[in-house]
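Observations on the model geometry
These are the residues of each chain, in order.
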Amino acid sequence: ADCRYTCHQECRSLIQLDCRRPGQWQSQLSPESTLLPPCSQNVTQALEEEKPEPPTVQEIKQRIEKYNAKVTNCLLMKLNDDGTYTGFIKVHLKLRRPVTVPAGIRPQSIYDALKEVNLAEMTDKRTSFYLPLDAIKQLHISSTTTVSEVIQGLLKKFMVVDNPQKFALFKEMRKDGQVLFQKLPLTEYPLYLRLLAGPDTDVLSFVLKENETGEVEWDAFSIPELQNFLMILDKEEKDKIQQVHRKYERFKQRLQQTLKEARGKPG
């Protein structure tokens, strides 16, 4: 109050000043009035976004009614008595690497699905398999279904026995003619994102891809899988070498043809 020294509120207990002498700086200001708002603890630390308040049941009901009004097929959302809701999402599978599936297992039947029979556990034999690129799988989920559960559900439907940590769910958005991908956290709720965006998949769609972020967890791969990766890389290397050879072979042929045509001509 005497010298008008200013500090942050967290620092006040660490500061000792002798400001008792009266003088030209004497004022009626209280010590509390010289405190500044708390400072950030670390400038390199990302600020946490304030999470919005969860919507009320009435707000959810209004959003679902608005959503269903835009649906052009039968894939409507339904509100339950407890405030949760169910609906459908479509997931595009864009996997570049082979997945591991049981060998010699018949496709899963409706009986198996109802009884929750895991056919993958019925054999120890494994084989690698390429899922069709950009295949689409439709899932009926709840508002409480997380990204982690969606990934596990997709792997179970295709009888994939790979570690779920190898995969990640992305949301795909189109803006200003560009396609943007954003990896979703495992605790996110895809159906709520679908509800907010509406049923138009051009606005928002979900994509299952390999988990490329961070360090590769090689311990999660088996020896046959690692051997398959080496075989794939070796094949890609040979294909690239052949492409380069073909490119310069065509260039050589055109150059020889041009020289042949230029023979006997002046200049």
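Residues numbered from 1 in each chain as written. Predicted model: local features only at pLDDT ≥ 70, side-chain atom pairs only at ≥ 80, totals over all residues. Heavy atoms only, no water.

1. Observations concerning the overall build of the protein
Along the backbone of the protein there are 5 helices and 10 strands. The buried share among the 267 residues of the protein stands at 25%. With the model as given, the accessible surface of the protein reaches about 20300 Å², and the carbon-plus-sulfur share is 53%. (Helix = DSSP H or I, 4+ residues; strand = E, 2+ residues; numbered from the N terminus. Buried < 20%, exposed > 50% of the residue type's maximum accessible area, 1.4 Å probe, protein only. Areas by Shrake-Rupley, 256 points an atom, 1.4 Å probe, with all protein chains shown as cover.)

2. What about unusual backbone geometry?
Notably, Met-159 is not glycine yet its phi reads approximately 55°, a positive angle. Secondary-structure assignment places Met-159 in the loop between α3 (147-157) and β8 (167-175).

3. As for the pairing of strand β4 (residues 85-93)
A large share of β4 lies buried, amounting to 7 of its 9 residues. Note that strand β3 (residues 78-79) and β4 share 2 bridges and pair antiparallel. Bridge pairing links Lys-78 to Thr-86 in β4. Linking two consecutive strands that pair antiparallel, namely β3 and β4, is a turn of 5 residues; a positive phi of about 95° is found at Gly-83 within it. Sheet topology places β4 next to strand β7 (residues 135-142); 8 bridges connect them, and they run antiparallel. Its bridge partner being in β7, Thr-86 is matched across the sheet by Ser-142. (Pairing = 2+ DSSP bridges.)

4. With respect to the packing of aromatic side chains
Tallied over the full model, the rule gives 0 aromatic pairs. Looking at Lys-209, its charged tip hangs above the ring of Phe-170, at a distance of 5.2 Å from the centre. (Phe/Tyr/Trp six-rings, centres within 6.5 Å; stacked < 30°, edge-to-face > 60°. Lys NZ or Arg CZ within 6 Å of the ring centre and 35° of its normal.)

5. Digging into the nonpolar core
Ranked by size, the top nonpolar core spans 30 residues in total, and within it Ile-89, Val-91, Phe-167, Leu-169, Phe-206 and Leu-208 carry the most contacts. Considering every element that reaches this core, the biggest residue donor is α3, with 5 residues. Apart from residues no more than four positions distant in its own chain, Leu-208 is found in contact with Val-91, His-92, Leu-93, Lys-94, Leu-95, Ile-151, Leu-154, Phe-167, Ala-168 and Leu-169. (Core = buried A, V, L, I, M, F, W, Y, C linked by side-chain atoms within 4.5 Å. Contact = heavy atoms within 4.5 Å.)

6. Concerning the pattern of salt bridges
Here the structure, examined in full by the defined rule, presents 5 salt bridges. A salt bridge links Lys-166 to Asp-162; the nearest nitrogen and oxygen atoms lie 3.2 Å apart. Each member of the pair, Lys-166 together with Asp-162, is buried. Its salt-bridge partner being Lys-238, residue Asp-234 comes within 3.4 Å of it at the nearest N-O pair. With Asp-234 and Lys-238 both in helix α5 (residues 223-262), this residue pair falls 4 residues apart, about one helical turn. By relative accessible area, which is 35% here, Asp-234 ends up partly exposed. (Salt bridge = Lys/Arg side-chain N within 4 Å of Asp/Glu carboxyl O.)

7. Digging into the confidence of the model for the protein
Interpretation of this model should avoid reading the predicted coordinates in detail wherever pLDDT is low. Of the residues in the protein, 69% have a pLDDT of 70 or more, and the chain-wide mean is 77. Taken as a whole, residues 21-49 scores under 50 in pLDDT and shows 29 contacts with residues more than four places along the chain or in a different chain. Contacts of residues 109-115 to residues separated by more than four positions or lying in other chains number 5 contacts, the stretch itself having pLDDT below 50. (pLDDT = per-residue confidence, 0-100.)

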